[in-house]
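Fold and geometry: a report
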Amino acid sequence: MTDRRLEIDAISKRYGETVALREMTFDVRAGELFGFVGSNGAGKTTTMRIALGVLAADAGSVRWAGQPVTLETRRLIGYMPEERGLYPKMKVGEQLTYLARLHGLPAATARRSADAWAERLGVAGRRDDEVQKLSLGNQQRVQLAAALVHDPEILVLDEPFSGLDPVAVDVMSEVLREKAAQGVPVVFSSHQLDLVQRLCDRVGIVRAGRMVACGTVDELRAGGSVRLVVDAPQAPPGWADALPGVRRLEHTGTRTELELGDGADDQAVLRAALTTGPVHEFARRRPSLTELFRSVVTEEAAK
Ligand SMILES: Nc1ncnc2c1ncn2[C@@H]1O[C@H](COP(=O)(O)OP(=O)(O)OP(=O)(O)O)[C@@H](O)[C@H]1O
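Residues numbered from 1 in each chain as written. Predicted model: local features only at pLDDT ≥ 70, side-chain atom pairs only at ≥ 80, totals over all residues.

Next up on the list: the overall build of the protein. Looking only at helices and strands, the protein features ten helices and 14 strands. Here the C-alpha coordinates of the protein stretch approximately 75 × 45 × 40 Å along the principal axes. Within the protein, the proportion of its 303 residues that are buried is 36%. Here the contacts in the protein between residues at least 6 apart in sequence split such that 70% fall between residues at least 24 apart. (Helix = DSSP H or I, 4+ residues; strand = E, 2+ residues; numbered from the N terminus. Buried ≥ 20, exposed ≤ 12 C-beta atoms within 10 Å, placed from the backbone. Contact = placed C-beta atoms within 7 Å.)

Moving on, we get to the site of the ligand. With respect to spatial proximity, the complete set of residues near the ligand consists of Tyr15, Thr18, Ala20, Gly38, Asn40, Gly41, Ala42, Gly43, Lys44, Thr45, Thr46 and Glu82. Listed by contribution, the elements that provide at least two residues to the shell around the ligand are β2 (18-28) and α1 (44-52). Each residue belonging to the shell around the ligand can be placed in one class, and the counts come to three nonpolar, seven polar and two charged. (Near = placed C-beta within 6 Å. Nonpolar A, V, L, I, M, F, W, Y, C, P; charged D, E, K, R; others polar.)

What follows deals with the sheet that holds strand β11 (residues 226-231). Two strands in a sheet stick together by hydrogen bonds in their backbones, pointing the same way (parallel) or opposite ways (antiparallel). The strand order across the open sheet built from four strands is β12-β13-β11-β14, with neighbouring strands paired in antiparallel fashion. Both edges of this open sheet fall to β12 (246-252) and β14 (281-285), since each of them pairs with a single strand only. With direction set aside, neighbouring strand axes in the sheet form an average angle of 20°. As paired strands, β12 and strand β13 (residues 255-260) are joined by six bridges and run antiparallel to one another. Directly across from His251, in β13, lies its bridge partner Thr256. Lying on the sheet, helix α9 (residues 266-274) is in contact with β11, β12, β13 and β14; it crosses β11 at an angle near 15°. (Pairing = 2+ DSSP bridges. Axes fitted to C-alpha atoms, helices over the stretch in contact; angles between N-to-C directions.)

Here the UniProt feature "domain: ABC transporter" (unreviewed entry) sits at residues 6-233. Strand forms 29% of residues 6-233 and helix 36%; the C-alpha atoms that close the span are 53 Å apart. (UniProt positions renumbered as here; feature names shortened; annotations may be inferred.)

The next subject is the domain arrangement of the protein. In terms of domain boundaries, the protein breaks down into domain 1 (6-221) and domain 2 (225-285). The C-alpha centroid of domain 2 is placed 43 Å from the C-alpha centroid of domain 1. (Domains from an automatic or database assignment.)

Spatially, β6-β7-β8-β3-β9-β10 is the arrangement adopted by the six strands of the open sheet, whose pairing is mixed. The sheet terminates laterally at β6 (77-80) and β10 (210-215), the two strands that pair on one side only. Averaged over all pairs of adjacent strands, the angle between strand axes in this sheet comes to 15°, irrespective of strand direction. As judged from the five bridges shared by strand β9 (residues 202-207) and β10, these two strands associate in the antiparallel manner. Paired with Val206 across the two strands is Met211, which belongs to β10. Taken strand by strand, α1 contacts β3 (33-38), β6, β7 (154-157), β8 (186-189) and β9, and its axis lies near 150° from that of β7.

Now for the packing of helix α3 (residues 92-102) against helix α4 (residues 107-120). Between α3 and α4, whose axes approach to 8 Å, the crossing angle comes to 130°. Considering the angle they form, α3 stands oblique to α4. At the point where α3 passes α4, the crossing takes the right-handed sense. In contact with Val92, Gly93, Leu96, Thr97, Ala100 and Arg101 of α3, α4 contributes Ala107, Ala110, Arg111, Ser113, Ala114, Trp117 and Ala118. (Parallel < 35°, antiparallel > 145°, perpendicular 65-115°, else oblique. Left-handed = near helix turned anticlockwise from the far one by under 90°.)

By size, the foremost hydrophobic cluster in this structure holds 70 residues, and its most contacted members are Leu96, Ala145, Val149, Val156 and Val186. Counting residues per element, this core draws most heavily on helix α5 (residues 136-148), at six residues. Judged by nonpolar contacts, the second largest core, of ten residues, contains Ala232, Val246, Leu258 and Val269. (Core = buried A, V, L, I, M, F, W, Y, C linked by C-beta atoms within 7 Å.)

Bringing unusual backbone geometry into the picture now. Of note in the backbone geometry, Ala65 takes a positive phi value of approximately 50° without being a glycine. Despite not being glycine, Ala208 shows a phi value in the positive range, around 45°.

A few words on the pairing of β3. β3 sits mainly inside the fold: six of its six residues count as buried. The alternating pattern of β3 places Leu33, Gly35 and Val37 on one face and Phe34, Phe36 and Gly38 on the opposite face, and all of these are buried. Note: β3 against β8, four bridges, orientation parallel. Note on β8: the bridge partner recorded for Phe36 is Ser189.

Here we come to the environment of Ala65. Within the secondary structure layout, Ala65 lies in the loop between β4 (59-64) and β5 (67-68). Measuring from C-alpha to C-alpha, the distance between Ala65 and Glu7 comes to 8.2 Å, with 58 residues separating the pair along the chain.

We now examine the environment of Gly35. Mapped onto the fold, Gly35 is located in strand β3. For Gly35, a count of 24 C-beta atoms within 10 Å corresponds to the buried category. Between the C-alpha atoms of Gly35 and Thr216, which are 181 residues apart in sequence, the distance is 9.8 Å. The residues touching Gly35, leaving out its near neighbours within four places in the chain, are Phe188, Ser190, Val196, Cys200 and Val203.

Here's what the structure looks like:
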């Protein structure tokens, strides 16, 4: 069986003096939803444009099912560009049909597929309207329909969730999950980390053109530092500050959130809390993806 995997292998790219990508490497497996996250300017769009072949890398390669990606394989990709790429004066239905035809679908199949995706994404009622007359969120729904209309084998989506209302986010999430369940590798970039945490099988965090953390959300969270939430109503704000390896993240009301570093002993924290009076809550927790993202990005920036 072929290994239906999109591989981004050590891609580097410069724009003049700006180094946009430094040996960017990751893969997106068949049936997997991969979240591509990073600060503004980290290199996500550049990576996606190179994967699609609209931009050439200076070094490195992109492979699909073990083979270098060619013009022919690129037709198998459903792409949603960040700058959006619809013809503003073309009607929604005509545009979707046209794009499906462009990817080689016969006329009747193209029309059927255009209708089905317009329906699914909630823009069927706007089929005869020019794209430019739609709200931005609805244009985005059409843009996703455009990425899907030729039944792609790979999906590469640049910020598909930005600007969508909560109902459209649900529809978009459901469609992406469904495509992944059909065996399509799906990679999308997003700044909505709660959504990425909920939706993705694996996540890659990129900073300054490099992949700095990659894995399932659980793996990434397990690698993050342990946090303790302590509810000790009589404890003064700095009660844990002198404990070795312990850093105070927050103290609000009666609750303190602490980060445990090397050499920290959670039982010593508990004993210190009890010396202040009663302890109503003492819980360990792992950082969320948003917290991890912040620490990865600031850690790297400090280097
Ligand atoms: N056409 C271009 N000419 C010069 N520099 C560019 C060009 N496109 C991107 N860059 C630079 O390359 C780097 C990576 O940009 P890229 O758009 O890939 O980041 P991104 O992660 O997609 O950011 P965002 O989250 O803001 O969309 C940035 O420093 C950016 O300024």
